[in-house]
Amino acid sequence: MYAQTDLDGPAGTLRVSGHELPTVELVRAPGTRPDAHTPIGTRRGALLALTVDGEPVVLRPARGRLLRYSYRVDAHTDGVHYRLVPCGKDTSRLLRDGRRLGTLIRAGDGRIIDRWESAPTPRDRALGTALATAFGTGASPWWKTIGSIVVELIP
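Residues numbered from 1 in each chain as written. Predicted model: local features only at pLDDT ≥ 70, side-chain atom pairs only at ≥ 80, totals over all residues. Heavy atoms only, no water.

J.: Pulling in residues and values, what's your account of the overall build of the chain?
T.: Across its full length, the chain carries 2 helices and 10 strands. Counting from the amino terminus, the chain carries its helices and strands in the arrangement β-β-β-β-β-β-β-β-β-β-α-α. When each of the 155 residues of the chain is scored for burial, the buried share is 44%. For the chain, the share of sequence-separated contacts (at least 6 apart) that also reach a separation of at least 24 residues comes to 40%. Summed over all atoms, the accessible surface of the chain reaches about 8,600 Å², with 54% contributed by carbon and sulfur. (Helix = DSSP H or I, 4+ residues; strand = E, 2+ residues; numbered from the N terminus. Buried < 20%, exposed > 50% of the residue type's maximum accessible area, 1.4 Å probe, protein only. Contact = heavy atoms within 4.5 Å. Areas by Shrake-Rupley, 256 points an atom, 1.4 Å probe, with all protein chains shown as cover.)

Below, the structure written as structure tokens:
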């Protein structure tokens, strides 16, 4: 299944669709300034509206600070809990109800490369692609982040 991804970070809109896939849309609140580090422009859940085929989804992106785990994103839809969490510098794993579905990588051109451990449902594929596109994949280890901060502080 091919997922068509249309992201406009400055405008704060994302649409994922495709043959036999549900349409996933993520919209940042109008008039909000995008941050430079998040493709959709914010990690503040209150400023984002996520839908799957027009039905609202509860979205809870974590703050994204020092630890990789702090870059996780949770989505709850139809009684199912999805979590996208970094597991490497460039990769994140997608979980459904705590069970690993696969690994997602956001390529330099914005495409999502997916490696599934089991056959994903169309909803798994569409929602995973949307989360990875909107929030990116991967995160630096804590020690590298601290090293970068220290280097910035040295005159």
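There is more to say after this.
J.: Outline the pattern of salt bridges, listing residues and values.
T.: Considering all chains together, one arrives at 7 salt bridges under this definition. Linking Arg-15 and Glu-25 is a salt bridge whose minimum nitrogen-to-oxygen distance equals 2.8 Å. Separated by 10 residues along the polypeptide, Arg-15 in strand E2 (residues 13-18) and Glu-25 in strand E3 (residues 21-28) bring together distant segments of the chain. Look at Glu-25 and you get partly exposed, because its relative accessible area is 31%. A salt bridge links Asp-90 to Lys-89; its shortest N-O distance comes to 3.9 Å. (Salt bridge = Lys/Arg side-chain N within 4 Å of Asp/Glu carboxyl O.)

J.: Any chance you could break down the sheet that holds strand E6 (residues 73-77) for me, citing the residues and the numbers?
T.: Sheet architecture is open: 10 strands sit in the order E1-E2-E3-E4-E5-E6-E7-E8-E9-E10, paired in antiparallel fashion. Each edge of the open sheet is held by one strand with a lone partner, namely strand E1 (4-8) and strand E10 (112-116). Recorded for the sheet is a direction-independent mean angle of 20 degrees between the axes of neighbouring strands. Sheet analysis places strand E5 (residues 55-61) next to E6, joined by 4 bridges and oriented antiparallel. Its bridge partner being in E6, Leu-59 is matched across the sheet by Ala-75. In the packing of helix H1 (residues 122-135) onto the sheet, the strands contacted are E1, E2, E3, strand E4 (48-52), E5, E6, strand E7 (80-86), strand E8 (91-96), strand E9 (99-106) and E10, and the crossing angle to E3 comes to about 25 degrees. (Pairing = 2+ DSSP bridges. Axes fitted to C-alpha atoms, helices over the stretch in contact; angles between N-to-C directions.)

J.: Please set out the environment of Asp-90 residue by residue, giving values where relevant.
T.: Along the chain, Asp-90 falls in the loop between E7 and E8. C-alpha of Asp-90 to C-alpha of Arg-106: the two residues are 16 residues apart in sequence and 7.3 Å apart in space. In this structure, Asp-90 is in contact with Leu-104, Ile-105, Arg-106, Thr-137 and Gly-138, ignoring residues within four places of it in sequence.

J.: Can you explain the pairing of E1? Please cite residues and give values.
T.: Consecutive side chains along a regular strand alternate between the two faces of the sheet. Where E1 lies against E2, 5 bridges are found, and the strand directions are antiparallel. Residue pairing for E2: Asp-8 is matched across the bridge by Thr-13. Count of turn residues in the E1/E2 antiparallel hairpin: 4 residues, of which Gly-12 carries a positive phi of about 80 degrees.

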